[in-house]
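Here's the letter readout for the chains.
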Amino acid sequence: MDVRSQVSMVFHLDKCIGCHTCSIACKNVWTDRKGAEYMWWNNVETKPGTGYPTKWENQDIYKGGWEKNGNSVSLKGAGKLRGLKNIFHNPHLPVLDDYYEPWTYKYEDLFTAPEGDDQPTARPVSLVTGEHMDVQAGPNWDDDLGGSIDYARQDVNFKDLSPAEQEVMFQLERMTFFYLPRICNHCLNPACVASCPSGALYKRGEDGVVLINQQVCRAWRMCVTACPYKKSYYNWHTGKSEKCILCYPRLESGQAPACMHQCVGRIRYLGVMLYDADKIHEVASTEKESDLVDAQLGIYLDPFDPEVIKAAKKNGIADSTIVAAQKSPVYKFVKEWKIALPLHPEFRTIPNLFYVPALMPGMATVQDGVYEESNPQFLWGGIDNNRMPVKYLSSLFSAGNTGKVVEVLKRLMAVRWHRRQVTVGDVKQDVVDKAMQEVSLGKETADAIFRLTSLATFDERFVIPPAHREESIEMLESTADVKGSTGFGFREKPARGW
Amino acid sequence: MNYLLFVVFPYACLSIFLIGSIYRYKNRAFTVSSLSSQFLEGKKLFLASQLFHWGLFTLFFGHLIAFLFPRAILAWNGQPVRLLILEVTAFVFGLSAFIGVILLVWRRMTDRRVQIVTSKMDVVVLLVLLTQIISGLSVAYYNRWGSSWFAAFLTPYVRSIFVFDPQIDAIASVNSLSLKIHVISAFSIIGLIPFTRFMHFLVYPVDYIWRSYQQVMWNWDRRDIRTSRKWRQGEPSKNN
Ligand code: HEM
Ligand code: SF4
Ligand code: SF4
């Protein structure tokens, strides 16, 4: 057992209101720079939809992630042989137009335009070329277009749904959608790290954050192709790739990442997971795709188990980190309560960002024009008749294993029955008991789920392990040398090479 | 004059190259990049970059082998058919590089987005490459069977440069302008390395072949921290 600690996350989709505050927080802090304008390390997309970059989930196009290869896995569109062969031109690289051409407006024209009969307008100008442009696409171009032909129907997750099943999703009265906020998953088996010929990417041992060393990146762009979530981006100006850094400078000082701190819906949770690094290869190479979720859950260790604690200490994991793992909201959602699932486990990168799938509005049905979300007559409401078909959800969150999604939805529903009984009291006790029994959920657990879901304070949502890095500075730098400078001090201006 | 061109200039280029690239690698690592522009324009680049690089890649190793093992080449050329095969192959790769570089120039000139990321040095780079490739092709065509005569003229000269005992008689006596241009521009490419994107082939990632796929880094020895006395239980965050 090789115990390591990983900072992991849970996003509760039922609570996401699609306000994009998270994206803006991230943009303001990290990507409001030349060459990075088009990057959204955090983005929120509408599902069903094509996402950002367009159709990123379709690995027939982008060749991201790992694929099963005998008893092992190999990179789909990169790797030693393929990478070095394609180093002069990377055939699966998304280009600017797959994201969008960033632009601003000529605001000055509003003030300087000569007097005339028409209102002056601020024309869009490209942030790449500086010229006037016609905007073709933008960030969240398909925002809220849950039933649209151009976007929703192009969603690759429909591949397992029959045309009839798809059609049902697009009927005007039944149409529905939910938001899917995405950041880098800081994977346990990161395809980006494996694909980098220069070895510029690495996973930090202490907390599992995946980073790109800007001094070592040589713009071979393999990580952009290899990341199946398209969360590694190429900065066209500096000639270096960049990615979400999980706000590690904030984490190290005990603050939540900017996107999470700002989250208006309070959908985000962050905490430590202890895992067994010896099992990474085995889990990634799981035979059947439908077993991937269970295999992944098996890699995370119980932080209360004395054996695990012993092994963790032996590996140099600090006591305070172990305590953080025991208090981790992520551990509760993922392992104890089993109501959070990874996004696209079939990419086999073992992502560390889990989603509580949206129960509403999917489970809600419209009957005779009446919006009916829970009808005691059918215990599980519209689960078979879900407006958001379970098949669709399972192609997002469980590699097509519908059982996993149904289980989660039922547990979430049972919590609702229980809380409704407590607060409103209009459902019979035996109905509630039956529901709770079927998903083997106790009252205390249901209350705990309810509490952490809706009433949790900042410190309950973000259990950040104290960083012991402040002391390690002395090992990396002579403190006298950097006295008076900011942080580690600028060593080199991040200016484009020549 | 010949002394200046074939002794002073090469040594100047070589020393600039050595000092400059080590300095840049160590102190200006952020600027060392292939500065890919595929993200801005990917379609035209495909043929351009593939033709150019594979052509150059092969020619580079061809030249290297010729200078290191001239006898092997001469032995191979013992039969005229084999000589022909070698020369034609080399010429084809030369043409490939030539077409590639022409396409690269065309792409840089016509694509608006690529123009934005084109620096003065990119222009210089493409110009010397054009000179180098055209002069090379012309030598191959007009002064045919270079793979046989190079051992008499070029190998001794280049070797003499590297053993610090420059012998320029052979090269100076050669009656071919293209050959002289080819040699001079080769040295200028070497001299330009620290000031241009030429740096990118010095950092060719060979170690990728043998390194393990995943890389995990600890900022300190993770076992060591247990014994460190400075460590203490952290405090909860105060930014609630
Ligand atoms: C064998 C190692 C080499 C590798 C891995 C390599 C790789 C690359 C890559 C990835 C690019 C960026 C292409 C893009 O825009 O996406 C590039 C561009 C370029 N390379 Fe190389 N290269 C190598 C050798 C060379 C050599 C030997 C030369 C010339 C002496 C050279 C000259 C150039 C030039 C001039 C460009 C710019 C092309 C343009 O105009 O966009 N490369 N190279
Ligand atoms: S999500 Fe992509 S960029 Fe992030 S760690 Fe995984 S493979 Fe790498
Ligand atoms: S800030 Fe929170 S609620 Fe708003 S879009 Fe982002 S994740 Fe959703």
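### Details of the overall build of chain A
From N to C terminus, chain A includes 21 helices and 16 strands. For chain A, whose C-alpha radius of gyration is 24 Å, the value lies close to the compact-globule estimate of 23 Å for 498 residues. By principal-axis analysis of the C-alpha atoms, chain A measures approximately 75 × 75 × 50 Å. Looking at the 498 residues of chain A, the share that counts as buried comes to 59%. Partitioning the intrachain contacts of chain A with sequence separation of at least 6 by distance along the chain shows that 70% fall at a separation of at least 24. For chain A, the computed accessible surface area is about 20,100 Å², with 51% contributed by carbon and sulfur atoms. Each charge sign in chain A was given a centre, from 58 positive and 63 negative side chains, and these centres are 4 Å apart.

### A closer look at the coordination of the iron atom of ligand 1
Residues and elements named next belong to chain B. In this structure, His-53 (NE2) and His-200 (NE2) serve as the protein donors to the iron atom of ligand 1, at separations of 1.9 to 2.0 Å. Around the iron atom of ligand 1, the six donor atoms sit at angles spanning 85 to 179°, and that spread fits a shape best called octahedral. Here His-200 lies in helix H10 (residues 199–202) and His-53 lies in helix H2 (residues 43–68), a separation of 147 residues in the sequence.

### Focus: the packing of aromatic side chains
Applying the stated criterion to the full structure yields 34 aromatic pairs over all chains. Here B:Tyr11 and B:Phe164 contribute two aromatic rings whose centre-to-centre distance is 5.9 Å and whose plane-to-plane angle is 15°, an arrangement assigned as stacked. Within this pair, whereas B:Tyr11 is found in helix H1 (residues 2–27), its partner B:Phe164 is found in the loop between helix H7 (146–162) and helix H8 (169–173), the two being separated by 153 residues in sequence. Judged by relative accessible area, B:Tyr11 falls into the partly exposed class, the value being 21%. Residue classification places B:Phe164 among the exposed residues on the basis of a relative accessible area of 67%. A network of ring pairs unites the aromatic residues A:Tyr38, A:Tyr52, A:Tyr99, A:Tyr233, A:Tyr234 and B:Phe39 as a single cluster. Looking at A:Lys240, its charged tip hangs above the ring of B:Phe30, at a distance of 5.2 Å from the centre.

### Focus on the pairing of strand E10 (residues 232–235) of chain A
Residues and elements named next belong to chain A. Every second residue of E10 is oriented toward a common face, with Ser-232 and Tyr-234 on one face and Tyr-233 and Asn-235 on the other, all of them buried. Pairing analysis gives four bridges linking E10 to strand E11 (residues 240–243), with the strands arranged antiparallel. The residue bridging Tyr-234 from the neighbouring strand is Ser-241, located in E11. Taken together, E10 and the strand that follows it, E11, pair antiparallel across an intervening segment of four residues, in which Gly-239 is found at a positive phi of about 70°.

### Section: the confidence of the model for chain B
All names here are of chain B. Per-chain confidence: chain B averages 85 in pLDDT, with 91% of residues scoring 70 or above. Per-element confidence in chain B ranges from a low mean pLDDT of 79 for H8 to a high of 95 for helix H5 (residues 112–116). Predicted confidence is poor over residues 228–240, with pLDDT under 50, and the contacts of this stretch with residues over four places away or in other chains come to 23 contacts.

### Digging into the sheet that holds strand E1 (residues 216–217) of chain B
Taken together, the three strands give an open sheet; going across it, the order is E9(A)-E8(A)-E1(B), and neighbouring strands pair in mixed fashion. What marks the edges here is a single partner per strand, and that holds for strand E9 (210–212) of chain A together with E1 of chain B. Bridging between strand E8 (residues 201–204) of chain A and E1(B) involves two bridges; their strand directions are parallel. Looking across to E1(B), one finds that A:Lys203 is bridged to B:Val216.

### Looking at unusual backbone geometry
Residue and element names in this part refer to chain A. Of note, the bond from Lys-47 into Pro-48 is cis; its omega dihedral lies within 30 degrees of zero at 0°. Of note, Pro-48 is situated in the loop between strand E2 (43–47) and helix H2 (59–62). A cis amide bond links Tyr-52 to the next residue, Pro-53, at an omega of -10°. For Arg-221, which is not glycine, the phi torsion reads 65° and is therefore positive. Looking at where Arg-221 falls in the secondary structure, it is placed in the loop between E9 and helix H8 (222–226). With relative accessibility at 4%, the residue Arg-221 sits in the buried group.

### As for H7(B)
All names here are of chain B. In H7, a bend of some 45° at Ala-152 exceeds every other bend along the element, and Pro-156, a proline, comes one to four places later. At its buried positions, H7 is contacted by H1, H2, helix H3 (70–76), helix H4 (80–110), H8 and helix H9 (177–192). Following H7 by one or two positions, Phe-164 adopts a phi angle in the positive range, close to 60°.

### Comments concerning the sheet that holds strand E1 (residues 3–12) of chain A
Hydrogen bonds along the backbone pair up the strands of a sheet, which may run parallel or antiparallel. Overall, mixed pairing links the four strands, which are arranged E12-E1-E14-E13 (chain A) in an open sheet. The sheet is open, and its two edges are formed by strand E12 (268–276) and strand E13 (341–342) of chain A, each paired on a single side.

### Let's talk about the side chain of B:Ser188
Along the chain, B:Ser188 turns up in helix H9. For B:Ser188, a relative accessible area of 17% translates into the label buried.

### Things to note about the site of ligand 1
As a matter of local geometry, ligand 1 sits amid 23 residues, with B:Ser36, B:Ser37, B:His53, B:Arg108 and B:His200 nearest to it. More than one chain lines the surroundings of ligand 1; the residues nearby belong to chains A and B. In the model, an oxygen atom of ligand 1 is placed 2.8 Å from a nitrogen or oxygen of the B:Ser37 main chain. The separation between an oxygen atom of ligand 1 and a polar side-chain atom of B:Arg108 is 2.8 Å. Among the secondary structure elements, those contributing two or more residues to the shell around ligand 1 are H2, H4, helix H6 (120–142) and H10 of chain B. Element by element, the count of residues in the shell around ligand 1 is highest for H2(B), at five residues. In the shell around ligand 1, the residues fall into 13 nonpolar, six polar and four charged.

### Brief notes about the pattern of salt bridges
Should their charged atoms come close, side chains of opposite charge can pair. Residue and element names in this part refer to chain A. Per the stated rule, a full pass over the model turns up 24 salt bridges over all chains. Of the charged contacts, one joins Arg-204 and Asp-207 as a salt bridge, the two residues approaching to 2.6 Å between their closest N and O atoms. Judged by relative accessible area, Arg-204 falls into the buried class, the value being 4%. Residues participating in the shared-partner salt-bridge network are Lys-47, Glu-57 and Asp-155.

### Structural notes on the interface of chain A and chain B
Each side of the interface is counted separately: chain A has 83 residues, and chain B has 60 residues. Carbon and sulfur atoms supply 55% of the area buried between chain A and chain B, which totals about 6,700 Å² over both sides. Among the residues of chain A in contact with chain B, A:Lys80, A:Phe88 and A:Trp498 are the three that bury the most area, contributing 15% of the side total. In this structure, the connection of chain A to chain B is made through three salt bridges. Close ionic contact of A:Glu131 with B:Arg112 constitutes a salt bridge, the shortest N to O distance being 2.2 Å. The interface formed by chain A and chain B contains 35 residue pairs in polar contact (both at pLDDT 80 or more).

Cut-offs used in this document
- Residues numbered from 1 in each chain as written.
- Chains lettered and ligands numbered in written order.
- Predicted model: local features only at pLDDT ≥ 70, side-chain atom pairs only at ≥ 80, totals over all residues.
- Heavy atoms only, no water.
- Helix = DSSP H or I, 4+ residues; strand = E, 2+ residues; numbered from the N terminus.
- Rg over C-alpha atoms; globule rule 2.2 N^0.38 Å.
- Buried < 20%, exposed > 50% of the residue type's maximum accessible area, 1.4 Å probe, protein only.
- Contact = heavy atoms within 4.5 Å.
- Areas by Shrake-Rupley, 256 points an atom, 1.4 Å probe, with all protein chains shown as cover.
- Lys, Arg positive; Asp, Glu negative; His and termini not counted.
- Charge placed at Lys NZ, Arg CZ, Asp CG, Glu CD.
- Donors = N, O, S within 2.8 Å, 3.2 Å for Na, K, Ca; no water.
- Tetrahedral: all angles 85-135°; square planar, octahedral: opposite > 155°, others 65-115°.
- Phe/Tyr/Trp six-rings, centres within 6.5 Å; stacked < 30°, edge-to-face > 60°.
- Lys NZ or Arg CZ within 6 Å of the ring centre and 35° of its normal.
- Pairing = 2+ DSSP bridges.
- pLDDT = per-residue confidence, 0-100.
- Bend = angle between axes of the 7 residues up to and from the residue.
- Near = heavy atom within 4 Å.
- Polar contact = N/O pair within 3.5 Å; in protein donor to acceptor, adjacent residues only side chain to side chain.
- Nonpolar A, V, L, I, M, F, W, Y, C, P; charged D, E, K, R; others polar.
- Salt bridge = Lys/Arg side-chain N within 4 Å of Asp/Glu carboxyl O.
- Buried area = accessible area lost by both parts, 1.4 Å probe.

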